[in-house]
Amino acid sequence: MKAAASSKSSLQACHAPKKHSGGRCTSYGHIALLLGYPQRARQVGVCLKHLPSFDPTDPDRHFYHDQNVPWQRVVNAKGGISPRGDGGAGASRHVQKLRGEGIVVNDQGNGIAEAWVDMERWGWFPTRIPGEESEPDDEDDTTS
DNA sequence: TCAGCGGCCCGGC
DNA sequence: CGCCGGGCCGCTG
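## Description of the pattern of salt bridges
Scanning the entire structure with this criterion turns up 3 salt bridges. When the shortest N-O distance is used, the salt bridge between Asp 55 and Arg 61 registers 3.7 Å. Residue Glu 101 is joined to Arg 73 by a salt bridge in which the shortest nitrogen-to-oxygen separation is 2.8 Å. With Glu 101 in the loop between α3 (89-100) and α4 (119-122) and Arg 73 in the loop between α2 (41-49) and β2 (74-75), this residue pair connects regions lying 28 residues apart in the sequence. Residue Glu 101 is classed as partly exposed on the basis of its relative accessible area of 28%.

What follows is the structure, encoded as structure tokens:
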């Protein structure tokens, strides 16, 4: 399917990035948006869920794995960290990792059940994928 | 404000 | 092969 007309990118909804002082988080939906599939936020979650564990005995086994992909910086649109339905084990790791990099995670003192990060402060919603070529349209090979 | 519902797709019975 | 549920999202009551 086509990636839909980018002209109607409702991405503008992203909170205006204020002063982020270090760690940066984004949302499943935003990732999906950057990839060109604004309605597949859930699939993004599925992908992160299936992200393989890094295998020290065979480093090249996976190109992407839980140690070279900052999966913990992806939370839901409201900054919440989903329980995943595994009793909180996954969410707990999620929270630990975020705090490990200095991001403030609120938990209201009730464990990770209601964990969330303030997206006004930690949110990061780039308009394009960092490191990606701007666009293929600037094929200015006139240099030669 | 908050809960509910539909939409989007895919993965697991 | 069909149905149910999911690491979501945004729009309605």
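## With respect to the protein's contact with DNA strand B
Residues in contact with DNA strand B, as listed here, are Gln 39, Arg 42, Gln 43 and His 50. Among the residues forming the surface near DNA strand B, the class breakdown is no nonpolar, 3 polar and 1 charged.

## Some words on the protein's contact with DNA strand C
Close to DNA strand C lie 13 residues, the nearest being Tyr 28, Arg 42, Lys 49, Ala 77 and Ser 82. The share of sugar and phosphate among atoms of DNA strand C within 4 Å of the protein is 41%. Between DNA strand C and Tyr 28, the relevant distance is 2.6 Å, taken from a base nitrogen to a side-chain nitrogen or oxygen of the residue. Within the side chain of Ser 82, one N or O atom sits 2.6 Å away from a phosphate oxygen of DNA strand C. At the level of secondary structure, the elements contributing two or more residues to the surface near DNA strand C comprise α1 (28-34) and α2. Ranked by the residues each element gives to the surface near DNA strand C, the list is headed by α2, at 4 residues.

## With respect to the packing of aromatic side chains
For the structure shown, the criterion picks out 1 aromatic pair. Note on Phe 63 and Tyr 64: the rings are 4.9 Å apart at their centroids and 85° apart in plane angle, and the pair reads as edge-to-face. When sorted by exposure, Phe 63 lands in the same class as Tyr 64, which is exposed. The ring of Trp 124 has Arg 24 lying over it, and the distance from NZ or CZ to the ring centre is 5.0 Å.

The rules we used
- Residues numbered from 1 in each chain as written.
- Chains lettered and ligands numbered in written order.
- Predicted model: local features only at pLDDT ≥ 70, side-chain atom pairs only at ≥ 80, totals over all residues.
- Heavy atoms only, no water.
- Salt bridge = Lys/Arg side-chain N within 4 Å of Asp/Glu carboxyl O.
- Helix = DSSP H or I, 4+ residues; strand = E, 2+ residues; numbered from the N terminus.
- Buried < 20%, exposed > 50% of the residue type's maximum accessible area, 1.4 Å probe, protein only.
- Near = heavy atom within 4 Å.
- Nonpolar A, V, L, I, M, F, W, Y, C, P; charged D, E, K, R; others polar.
- Polar contact = N/O pair within 3.5 Å; in protein donor to acceptor, adjacent residues only side chain to side chain.
- Phe/Tyr/Trp six-rings, centres within 6.5 Å; stacked < 30°, edge-to-face > 60°.
- Lys NZ or Arg CZ within 6 Å of the ring centre and 35° of its normal.

Interpretation note: all reported values are geometric properties and have no functional meaning in isolation.
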